[in-house]
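As a plain string of letters, each chain reads:
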Amino acid sequence: MSSFKELGFLSDQMQECKASAQFQYESTFSEAINLCRESMTQLQALPLGEIESGHLMGRSFWWRCMENCQAAIILSDLGMTTSATSPARAAWEYLFYACALWLDPHLEPKVKQKDMFEAGKLLDEIDKHAPHGLTDLKRDDLDKIRPQQKITDRGLSAFDAAKKADLLDLYTVAYRGLSLYGAHSTGVSALRALPASIQGGHDFRIAPEFNGTHYLLENIKMCLMTGMKRFRELTVALNSQSASP
């Protein structure tokens, strides 16, 4: 059996020390997984028939949110708590866009505008810093999405989406907090591998990390519960519309 020191999180040893098998985390994992199960069932509950394309895009964002929540749960279970903050943060970002579109499906062009702005920025930076870093075939593919003219409208940002969705409180606490905790390259996240040594200074610790497991799972649960509540509201509204004469 391979050890953690030999192969890290890919080792056989990791299968024997998952967080979900530890008593203090067992119930929290169970709650998070049950929310994933419920949200998967709910995902298919939108009424059939003609639905605003913005609502459909919102449902796709919601699926991407759920997918990232599941990824964060898997990483947390392995003791990769700091790494799990990246998909957890992405889950919130997808949720903000989903909720904004469910409230106002006419925001869809603003979402696409953001894509165009980012595509133009990407290609401008490639031309500036890595003009010979692409094959001709790849450049042809990228040129197909290059905007025909300079775009200055940045479209709908994550902050704008959270504001439209009336979720700025969660943007401030849950989303930005994850950036500091490990989703971005911060000193806070780096120092998690350098615990204080009893001899003074710091040790270098290479091992699964479970100290932040409960916090991260509660963050994911809040994300899922928020999305499920908003999705229910959308489904009720659409069902009411379809029932109207």
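Whatever comes next refers back to the structure up there.
A few points on the structure. Keep in mind that what you see is a predicted model, and the values were worked out from it rather than measured.

Rules behind the numbers
- Residues numbered from 1 in each chain as written.
- Predicted model: local features only at pLDDT ≥ 70, side-chain atom pairs only at ≥ 80, totals over all residues.
- Heavy atoms only, no water.
- 1 Å grid on protein atoms, 1.4 Å probe; cavity = no way out; pocket = protein on both sides within 12 Å on 5 of 7 lines; lining within 4 Å.
- Points joined across faces, edges and corners; volume = space filled by probe spheres on them.
- Helix = DSSP H or I, 4+ residues; strand = E, 2+ residues; numbered from the N terminus.
- Axes fitted to C-alpha atoms, helices over the stretch in contact; angles between N-to-C directions.
- Parallel < 35°, antiparallel > 145°, perpendicular 65-115°, else oblique.
- Contact = heavy atoms within 4.5 Å.
- Nonpolar A, V, L, I, M, F, W, Y, C, P; charged D, E, K, R; others polar.
- Salt bridge = Lys/Arg side-chain N within 4 Å of Asp/Glu carboxyl O.
- Buried < 20%, exposed > 50% of the residue type's maximum accessible area, 1.4 Å probe, protein only.
- Polar contact = N/O pair within 3.5 Å; in protein donor to acceptor, adjacent residues only side chain to side chain.
- Expected span 1.5 Å × (residues − 1).

Side note on the layout of surface pockets
Of the volumes computed, that of the largest pocket is approximately 220 Å³. Lining of the largest pocket is provided by 15 residues; of these, Phe9, Gly79, Thr82, Ala207 and Glu209 occupy positions nearest its centre. The set of elements that each furnish at least two residues to the lining of the largest pocket consists of helix H4 (81-103) and helix H9 (187-190). The greatest single-element share of the lining of the largest pocket, amounting to three residues, is contributed by H4.

Concerning the packing of helix H3 (residues 53-77) against helix H5 (residues 108-129)
Contact geometry of H3 with H5 gives a least axis separation of 9 Å together with a crossing angle of 55°. Taken together, the axes of H3 and H5 are oblique relative to one another. Facing H3, whose interface residues are Ser53, Gly54, Met57 and Phe61, H5 presents Glu108, Val111 and Lys112. Within the contact of H3 with H5, the residues separate by chemical class into three nonpolar, two polar and two charged.

Things to note about the pattern of salt bridges
Here the structure, examined in full by the defined rule, presents seven salt bridges. A salt bridge links Glu67 to Arg64, with the shortest nitrogen-to-oxygen separation between them at 2.2 Å. You can see Glu67 and its partner Arg64 sitting in helix H3, three residues apart, about one turn around the helix. By relative accessible area, Arg64 is classed as partly exposed at 32%. Residues Glu93 and Arg89 are paired through a salt bridge, measuring 4.0 Å at the closest nitrogen-oxygen approach. Of this pair, Glu93 and Arg89 both sit in helix H4, four residues apart, which is roughly one turn of the helix. Note on Arg89: relative accessible area 17%, which makes it buried.

Quick word on the side chain of Thr81
Note on placement: Thr81 falls in helix H4. Reaching out from Thr81, the side chain makes a polar contact with the backbone oxygen of Glu209 at a distance of 2.5 Å. Not counting residues within four places of it along the chain, the set of residues in contact with Thr81 comprises Leu75, Tyr181, Glu209, Phe210, Gly212, Thr213 and Leu216.

Some points on H4
With 23 residues, H4 extends 33 Å from end C-alpha to end C-alpha; this agrees with the ideal 33 Å at 1.5 Å per step. A large share of H4 lies buried, amounting to 17 of its 23 residues.

Notes on the environment of Gln13
Examined against the element boundaries, Gln13 turns out to sit in the loop between helix H1 (4-7) and helix H2 (23-43). As a C-alpha pair, Gln13 and Met1 span 12 residues in sequence and 6.9 Å in three-dimensional space. Those residues in contact with Gln13 that sit more than four places away from it in its chain are Met1, Ser2, Ser3 and Phe4. From its side chain, Gln13 meets the backbone nitrogen of Phe4 in a polar contact 2.6 Å long.

Remember, this is a structural readout, not a statement about activity or role.
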